[in-house]
Every structure is written in C-alpha cells, then in structure tokens.
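Structural overview for review
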Amino acid sequence: MAVEELQSIIKRCQILGEQDFKEEDFGLFQLAGQRCIEEGHIDQLLEIIQNEKNKVIIKNMGWNLVGPVVRCLLRNDKEDERKVYFLMLDLLVKLCNPKELLLGLLELIEEPSGKQISQIILLLLQPLQTVIQKLHNRAYSVGLALSTLWSQLSLLPVPYSKEQIQTDDYGLCQCCKALVEFTKPFVEEVIDEKENSLENENEKLKDELLKFCFKSLKFPLLTAQFLEQFEEAGNDPLRCFASEIIGFLSAIGHPFSKMIFNHGRKKKTWDYLEFEEEEDKQLADSMASLAYLVFVQGISIDQLPMVLSPLYLLQFNMGHIEVFLQRTEESVFSKGLDLLENGLLRIEDNSLLYQYLEIKSFLTVPQGLVKVMTLCPIETLRKKSLAMLQLYINKLDSQGKYTLFRCLLNTSNHSGVEAFIIQNIKNQIDTSLKRTHNNKWFTGPQLISLLDLVLFLPEGAETDLLQNSDRIMASLNLLRYLVIKDNENDNQTGLWTELGKIENNFLKPLHTGLNMSKAHYEAEIKNSQENSQEVQKSKDLCSITVGGDLPNMPPEMQLKVLHSALFTFDLIESVLARVEELIEIKTKSTSEENIGIK
C-alpha cells in the first residue's frame, strides 16, 4: 500500500515542473517514503530513487528520506538490509539539493545523546563532507558543520586512563580521528587557494577552520591525559589528534612561532581571527592547552626558534600556567604543574630576578600552587605543588625570595604553608650567615621587617594554638636557630636589638595562650571522663567544641583528640622553654664578657 501511494505521488509530480511542487507534495512524499521504510519495502524504494525519471523529484524532496534511512542504519544490524540502506543514503547524498541536505544532516547530528552521539557522527561525517564540497558558500557551511559537530562532541566524557582510551566507550577517540579526515580537504583548499583571486572567501574559510582548531584545543585537548610511555605515544589517539590540530594551525595560520608567542599582546599579528568576548575568554584556555602540547609534549616544538632564552620561555608560559591553576579539574591544573616544571628546570638557581615578580602571573602562580597544596584531594598533586613551589623559590634571587615570602605569609592563611615559608626563611638566613658578605635581605633591618610577620601571634594570647601549631613550631625553631647562630655582640640578624619586641609580641602571649589552652583541654578531659559512664549507658554520641566545632564522635575517640591536643601544647611548651633558656644563657654570657672586657 505504501509503495503504491508513493508511486502515485511521484506520477503526479512527474508532470509538474520543480517550481510547481507544493508544500503538500513534500509532506505526502515524506510520509509515503517513511511508511515504505517502516513496512520493509526498501528494495522498491531503492528502485524509485534510482529511476532516472524521478531525478528532479528526488533532488527536491529526497532529503526528507535521509532521517528515516539514518535511523534504520543505527538500529538495524542485518547486514543485507544495511547494505541497501547505505546505498540509499549514498544516492540521496548524490542526488538531493545540497543546501537542504546540509541542514537535514546537521539536524540529525544534533538529535542523539550519550553513546549515540559518536555513532551518528561517525555515520554522517563522510556524507556531510560530500555535501559541503558541492556548495559554493564553503566557509559558512564548514563553519556551521564544525560548530555543530564540536558542540555535540563536547557533551561526551573525555577518557583519562589508558584503559578508557583503549575501550573508548563513548567513541570520542574515534570521532576525533574521523573529524581530522573530515577537515583535511578544507584545510588543503585554504593552502591551495592562498594565491587565488577569491581571497576574501578563502580568508573566511580559514577563520572558520582556525576557530575549530582553537575550540579543539579546549575540548577535548585541555582535559585530555596523554599516555606517558614513549613507545605508546604514537598509539595515543588524543595525542595524534593534538598533532593534527597543531599541524592545521601551522599550515593555515601565520608562522607557528608568531601565532604561539603573540597571544595576549596588545597588538596581535594574527588579528584576522575575530573572536567575540566569550570566545576570547575561551582562547586563553586554548592557548594554554597549545603551550602545554608544544613545550611539555614536544608537539611541533622543532618549529620554534632555538635561540629563545629559558627565562623568556618561562615568562611567556607563566600566563598559561596561571590559566591552568585557576581551573578546578585535576586533569587541567596538573598540566599547569607540568608546564611550570618544564620552564623552571631550564633555568639556573637564583637567576630569576626580583623584577619578574612585578609581572602579575609571577605572584599569582605561587598563590595558585598554595591552593592546590591545601585544597586538592589528590595527594600526589599536593606533593607535586609543594615541590614546584620549592623549585620556584630556588630559582628566585635573594630579593625575589624575600618579596615572595612576604606575599605568601600575608595571603596563604594556612598554618602548614606558613610553616613551610618560615623554614625557607631559616634556610636563607643560614646561607647568608655562611657567606663572606652578608645578604642584606636576610640579615639586619630587612630581616627584622620579615620576622615581624613570623614572630607574633595573630590574635595574641587568644590565638587558636592548635589551629596554628605548625606555624608556631616553625617560628620557635627559627627563633631557636637565630639565638644559637647569632651572638649578641655580632648581632648580624638584628635579633638582639628586637628581642624585647619579640618577647612582648610572641613569647609572653604564647605562654599565656598555652596556659589557657591546657587548662581548657584538661577541663574537657575531666568532663568527658566524668560523663563517660552515662554516655556508655545511653549509647549516645557526644560532641565537643574546642577551638572550633568538632563533629559528633564516640567518647573514646573524643578523649584521644583531647589528649592529642594536650600533647601538641606540651611539645610547643618544651620548645618555648628551650628558646627562653638559650636566650638567658646567651645574654648572661654576653654580660659576663662585657664585664670582663671592662
């Protein structure tokens, strides 16, 4: 019935000119053709499409059959029927109006979700390429197609592990490979027509291709993880995709070195690419991704000048590292750590001049490292951030180290980080005291100014000593070191001049705070022990508040926490007592020496 109905519609349309086709004819043709497919009359439908007499009708109306044919291909696994459907699709692509086909194919690509996204993209990329190559307004068509394809692909999860890449459950890796093949003819067209008279159209096509390349650098390449093993690098589909995208950029853009080094400058040498404000924001992510691929993965690095200094490369990449560290995805900010390491390892210790810290990224990057160190849930990344911060400190000159220490002491708001910085200050003082000529930044007045940020309690005696225990212990150890190493008569560090201020701002409030905290915790332990029998009877959980709220916990765990806190206070108290003992010994010894001299 459906076949007869379709033949009837065709017979009526054969006597009409294509300008006389009515909207009603299109609707009836689509319904009848769809019914033929649903009822399994695919051989008869194929004959109708192949009939030369129906050529004009198929050209104008046949695109309506593409959707039903594609859906059958997706759900049908019978090989004989699939061959017929593929033949039908090829004929429709060959015979139908390319403008209508382009829109129809893109609508089909936009329909699915989940794992079906890759299935339909892989199925339709070749027909889509064929259709676009028939159109004259190539730039618009390529731009529309690539934008639609990228939007759909960006809905797919990026595989991270080797196993995920190999299984490729969502088909992203396959799609990336197919997308390269889809794009290649248009890239070659831009290259071939660089001296063609149609320069304006060629520039538009180039812009569309460049937009796609930069979008691809953001997704999937910004979050993609690459196989570490060198022998497997050639088998990594995402790395291969990255190489192809960078190859496209290099082939159709300005010289590669100009493209990579001119982003972010006030006057760009490749300003033909007109990004809107939001796209310009995305461009920062794309350029950071490109920098990682070139400098860490080594893709196309041979195209860069070999004369560039390591300091120049570090300065260039710091902005990109800042972009990476601002992101919250572990797979992204880990690339920032790798790029930073790559840049720092190229330069000598103590060679990074303090003036570089006047560049915003040279201060925001170490602050970003602190965030990773304190907030990242992955231990390996926290440790790597700590190692990178230490490496960064090592590369700075003395004034740069001094400036960075002040900045991080004022901004980190984390006891462990502050303890780390204080340990570094101690190391720099030690190095300075061992030199023939003292380093003015870690001796005398400059050091005293820095010690003012270290040897004090933020809230006096009421400071939460448990919360700040790491910082307090590091400060006491630094003070102990200074008392031992610097004699009062030499006073190279300026410590002995400022001793009265240190006692008033740090040592005395610390004594008072320790007494208050120990009394408070001892009282809590006593209360907990007195109430333990009632708690055991009622089986209820208890909660405590000491230096902040603690979660509900069993009584025995509560006692462990309280005893642990007391142990920390005892440790601080013992170091404090030793410091005060050393101060007394040193001052007494100096007084006796002075009396002896007189």
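Residues numbered from 1 in each chain as written. Predicted model: local features only at pLDDT ≥ 70, side-chain atom pairs only at ≥ 80, totals over all residues. Heavy atoms only, no water.

The protein chain has the name Glomulin isoform 1 in an unreviewed UniProt entry, where Daubentonia madagascariensis is given as its organism.

1. Here we look at the overall build of the protein chain
In plain terms, the rule: Secondary structure elements are defined from DSSP: runs of H or I of at least 4 residues count as helices, runs of E of at least 2 residues count as strands, and each element is numbered from the N terminus. Note on classification: 1.4 Å probe, protein chains only; a residue is buried when its accessible area is under 20% of the maximum for its type, exposed when over 50%, partly exposed between these limits. The contact criterion used throughout is that any non-hydrogen atoms of two residues lie within 4.5 Å. Each accessible area is a Shrake-Rupley estimate made with a 1.4 Å probe; only the visible protein chains count as cover when residues are assessed.
Along the protein chain, the regular secondary structure elements total 25 helices and 0 strands. Residues classed as buried in the protein chain amount to 49% of the 598 residues present. Restricting the contact set of the protein chain to residue pairs at least 6 apart, pairs at least 24 apart contribute 73%. Put simply, the protein chain shows about 30100 Å² of open surface, and 49% of that area lies on carbon and sulfur atoms.

2. Quick word on the pattern of salt bridges
The condition is simple: By salt bridge we mean one thing: a side-chain nitrogen of Lys or Arg within 4 Å of a carboxyl oxygen of Asp or Glu.
Under the criterion given, the structure shown has 21 salt bridges. Between Lys434 and Asp430 there is a salt bridge, with its nearest N and O atoms 2.9 Å apart. With Lys434 and Asp430 both in helix α21 (residues 415-434) and 4 residues apart, this pair spans about one turn of that helix. Between Glu573 and Lys518 there is a salt bridge, with the nearest N and O atoms lying 2.7 Å from each other. In this pair, Glu573 sits in helix α25 (residues 555-597) while Lys518 sits in helix α24 (residues 499-538), placing the two residues 55 residues apart along the sequence. Note on Lys518: relative accessible area 16%, which makes it buried. Here the salt bridges do not stand alone but share partners, grouping Lys218, Asp285, Arg327 and Glu329 into one network.

3. Brief notes about the nonpolar core
This is how it is decided: By nonpolar core is meant a set of buried Ala, Val, Leu, Ile, Met, Phe, Trp, Tyr and Cys residues that side-chain atoms within 4.5 Å join together.
The biggest cluster of nonpolar side chains holds 187 residues, and the ones touching the most others in it are Leu128, Phe182, Phe295, Ile425, Leu476 and Leu510. Discounting chain neighbours no more than four positions away, the residues touching Leu510 are Leu457, Leu465, Ile472, Leu476, Ile572 and Leu576.

4. Quick notes on the packing of helix α16 (residues 310-326) against helix α17 (residues 330-344)
The condition that has to hold: Interaxial angle, 0 to 180 degrees, is taken between N-to-C directions of lines fitted to C-alpha atoms, where a helix line uses only the stretch in contact. Orientation is classified from the angle alone, with under 35 degrees giving roughly parallel, over 145 giving roughly antiparallel, 65 to 115 giving roughly perpendicular, and any other angle giving oblique. Each helix crossing is assigned a hand: it is left-handed if the near helix lies turned anticlockwise from the far helix by less than a right angle, otherwise right-handed if that turn is clockwise.
At a minimum axis separation of 8 Å, α16 and α17 run at an interaxial angle of 160°. With respect to α17, the axis of α16 lies roughly antiparallel. Of the two possible hands of crossing, α16 and α17 adopt the one that is left-handed. Touching Leu314, Asn317, Met318, His320, Ile321, Phe324 and Leu325 of α16 are Val332, Phe333, Lys335, Gly336, Leu337, Leu339, Leu340, Gly343 and Leu344, all from α17.

5. Things to note about the packing of helix α5 (residues 66-75) against helix α6 (residues 79-95)
Put simply, the test is: Residue type decides the class: Asp, Glu, Lys and Arg count as charged, Ala, Val, Leu, Ile, Met, Phe, Trp, Tyr, Cys and Pro as nonpolar, and the leftover types, Gly among them, as polar.
One can describe the packing of α5 onto α6 by two numbers: an axis separation of 10 Å at closest approach and a directional angle of 150°. Taken together, the axes of α5 and α6 are roughly antiparallel relative to one another. Of the two possible hands of crossing, α5 and α6 adopt the one that is left-handed. Counting all contacts with α5, which are made through Val66, Val69, Val70, Cys72 and Leu73, the residues of α6 involved are Arg82, Tyr85, Phe86, Met88, Leu89 and Leu92. A breakdown of the residues in the contact of α5 with α6 according to their chemical character gives 10 nonpolar, no polar and 1 charged.

6. Description of the environment of Ile109
In this fold, Ile109 is placed in helix α7 (residues 98-110). Classification of Ile109 by relative accessible area gives buried; the value is 0%. Between the C-alpha atom of Ile109 and that of Gln119, which follows or precedes it by 10 residues, the distance is 9.5 Å. Each residue touching Ile109, except ones within four places of it in the same chain, is listed here: Ile120, Ile121, Leu124, Leu128, Thr148, Leu149 and Gln152.

7. So, α5
Of all 10 residues that make up α5, 7 are buried, and the element is covered over most of its length. Every buried residue belonging to α5 is among Val66, Gly67, Pro68, Val69, Val70, Cys72 and Leu73, and all of these are buried.

8. Focus on the packing of aromatic side chains
Rules: In summary, the pairing rule links any two rings of Phe, Tyr or Trp, Trp by its six-membered ring, whose centres are within 6.5 Å, and it sorts them by plane angle into stacked for under 30 degrees, edge-to-face for over 60 and tilted for everything else.
All chains considered together, the criterion is met by 12 aromatic pairs. Plain terms: the ring middles of Tyr402 and Phe442 are 6.1 Å apart, the flat faces sit at 75° to each other, and that makes the pair edge-to-face. Note that Tyr402 is positioned in helix α20 (residues 398-411) and Phe442 in the loop between α21 and α22 (444-451), a separation of 40 residues in sequence. Classification of Tyr402 by relative accessible area gives buried; the value is 6%.

9. Looking at the confidence of the model for the protein chain
Fine structural detail should not be taken from predicted coordinates in areas where pLDDT scores are low. This is how it is decided: The predictor attaches a confidence to each residue, and that confidence, scored 0 to 100, is pLDDT.
On average, residues of the protein chain score 87 in pLDDT, and 86% of them reach the 70 mark or higher. Within the protein chain, no element has a lower average pLDDT than helix α1 (residues 2-14), which sits at 71, and none a higher one than helix α19 (residues 379-395), at 98. Note on residues 539-549: pLDDT under 50 across the span, and 23 contacts to partners over four residues away in sequence or across chains.

10. Topic: the environment of Ile393
As for its placement among the helices and strands, Ile393 is situated in helix α19. Ile393 sits in the buried class, given a relative accessible area of 1%. Residues Ile393 and Leu352, spaced 41 residues apart in sequence, show a C-alpha to C-alpha distance of 9.3 Å.

11. Some remarks on unusual backbone geometry
In this structure, the amide linkage connecting Phe219 to the following residue, Pro220, adopts the cis form with an omega of 5°. Looking at where Pro220 falls in the secondary structure, it is placed in the loop between α12 (199-218) and α13 (237-252). The phi dihedral of Asp168 is positive, around 50°, even though this residue is not glycine. Here Asp168 is to be found in the loop between α10 (162-167) and α11 (172-192). Classification of Asp168 by relative accessible area gives buried; the value is 9%. Located in the positive-phi region is Asn350, a residue other than glycine, with phi close to 65°.

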